[in-house]
Every structure is written in C-alpha cells, then in structure tokens.
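# Structure at a glance
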Amino acid sequence: MRKLLTLSLSAFALAACAENGPVTDPTTSFAAADAAESRDHEWRDTDGDEDDDRDSRTKTYRVTVTNLTTGQPLSPAVVVTHNRRASLFGAGERASEGIRAIAENGDPSVAAAALAGARGVFSVITTTAPVGIQGGTAFPSSLSFEITARGNAKRLSLSLMLICTNDGFAGLDAVRLPRG
C-alpha cells in the first residue's frame, strides 16, 4: 500500500549544538522507551487506531521535502519510521552524536548507523542530495523518496542541517503517518 506524505520545510523545530559538554547516544531514548513498553506491553493506542498495531502489512510512504525558503539550503537528511515511544531527538535535550554530526557537518550517516536495528525503529534511510532554495539553480527545491513502516511504527521523524547556520539543524519529531 502506497501513501503520500508531503513535508514543507518552512517551519521546523530548530536547535543548535554546543561545542562543549557531553553528547548522548540516540539509542538511549529508545532503550528507555523499550523498557516502558515492556512494562506496559498491552498499552492502548490513544490515537484511536488500535487495529493498526496488529497490522503486519508493510506500507510504503512517498515523502516529498520541499524547501520554501529563498536563502537556506538543506543538507541530506536522516529519516526514520518508528513507534510512538521512540524518538530521533528531543526539544531541550542534549544533542546525540548523530544529531551533532548533522548540525555541524550535514552528515546523516552517524545518526542512521546508530538507529539502524534499534528497538522501536522500523526503517531508517538517508537522502542522497541537498534540497536547494526556491529559485536556486544548483539543486532542486524538492526531493522525494520512499520509506516503509509496519505495525505500530506509525511515526516519521526527520533531521537535516540548515546549511547556512552555525551548527543548526531542522527536524520533524514523531509526525503521525497517514492511514487508509
């Protein structure tokens, strides 16, 4: 089953990385979520679609990232589908090493490697090209890709570098994937 999800990057959660201080492993938030999920293995889905939790069909989503800015190109991204207890990053939390690599160098590979196979995560991909500015000529201002999800992995998270910033990234945190 193919779904369509369009993301417009005009307003993202913005954050910056500090040069000093410890960084955290992105899988630590997944480990805490897994422990909570084990204690409450028969949790109720507050989104009202409990039947999807038992759905074993793999769904493919086509995602389009469109940069609506005129002066802020975007780096390649890490994109993940996951359950509601997992998280790529958290507002107000220290940046993981993967988020730091994205914010400082535009490199999504560190985050992708840390998330691949983590509990609560279904699919992890990295995009292959930057997304250019509106009216720019070097790169297109939209990029489309596909990602899969199954069962209770009904959330999509994404992180990429705001190229014209000093250690800034933009991200989506646990956006609900469309049904039906």
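Residues numbered from 1 in each chain as written. Predicted model: local features only at pLDDT ≥ 70, side-chain atom pairs only at ≥ 80, totals over all residues. Heavy atoms only, no water.

## Description of unusual backbone geometry
Under the convention used in this document: To sort residues, take the accessible area from a 1.4 Å probe on protein chains only and compare it with the maximum for the residue type: under 20% means buried, over 50% means exposed, and anything in between is partly exposed. For helices the rule is a DSSP run of H or I covering at least 4 residues; for strands it is a run of E covering at least 2, with both sets numbered from the N terminus onward.
Positioned with a positive phi, Asp167 is a non-glycine residue whose angle comes to about 65°. We classify Asp167 as buried; its relative accessible area is 10%. Residue Ala174 is not a glycine yet carries a positive backbone phi of 60°. Topologically, Ala174 is positioned in strand β8 (residues 168–176). The exposure class assigned to Ala174 is partly exposed, which follows from its relative accessible area of 23%.

## Here we look at the pairing of strand β3 (residues 59–66)
This is how it is decided: Pairing between strands is defined by DSSP: at least two bridges between them are needed.
Most of β3 sits out of view: seven of its eight residues are buried. Pairing of β3 with strand β6 (residues 142–149), which is carried by eight bridges, proceeds in the antiparallel orientation. Counted as the bridge partner of Val65 is Leu143 from β6.

## Overview of the pattern of salt bridges
Stated formally: Any carboxyl oxygen of Asp or Glu within 4 Å of a side-chain nitrogen of Lys or Arg constitutes a salt bridge here.
What the rule picks out here adds up to two salt bridges. Where Arg62 meets Glu146, a salt bridge forms, and the shortest distance between an N and an O atom there is 3.9 Å. One end of the pair, Arg62, is in strand β3; the other, Glu146, is in strand β6, and 84 residues separate them in sequence. On the basis of relative accessibility, which here comes to 34%, the residue Glu146 falls in the partly exposed class. Glu104 is the partner of Arg100 in a salt bridge, and the nearest nitrogen-oxygen pair spans 3.6 Å. Placement of the pair is Arg100 and Glu104 together in helix α3 (residues 97–105), with a separation of four residues, close to one helical turn. With a relative accessible area of 15%, Arg100 lands in the buried category.

## Quick notes on the packing of aromatic side chains
Using the following cut-off: Any pair of Phe, Tyr and Trp rings, taking the six-membered ring for Trp, is counted once the centres come within 6.5 Å. Such a pair is stacked with planes under 30 degrees apart, edge-to-face with planes over 60 apart, and tilted for the rest.
One pass over the structure, following the stated rule, counts one aromatic pair. Ring centres of Phe89 and Phe169 lie 5.2 Å apart, and the angle between their planes is 85°; on these two criteria the pair is classed as edge-to-face. In this pair, Phe89 is assigned in the loop between β4 (74–82) and α3 and Phe169 in strand β8, connecting sequence segments 80 residues apart. Each member of the pair, Phe89 as well as Phe169, carries the same accessibility label: buried.

## Points about the environment of Ile102
To be explicit about the condition: It only takes one pair of heavy atoms within 4.5 Å for two residues to be counted as in contact.
Tracing the backbone through its elements, the reader meets Ile102 in helix α3. Contact partners of Ile102, with chain neighbours within four places excluded, come to Val78, Asp107, Pro108, Ala111, Ser159, Leu160, Met161 and Phe169.

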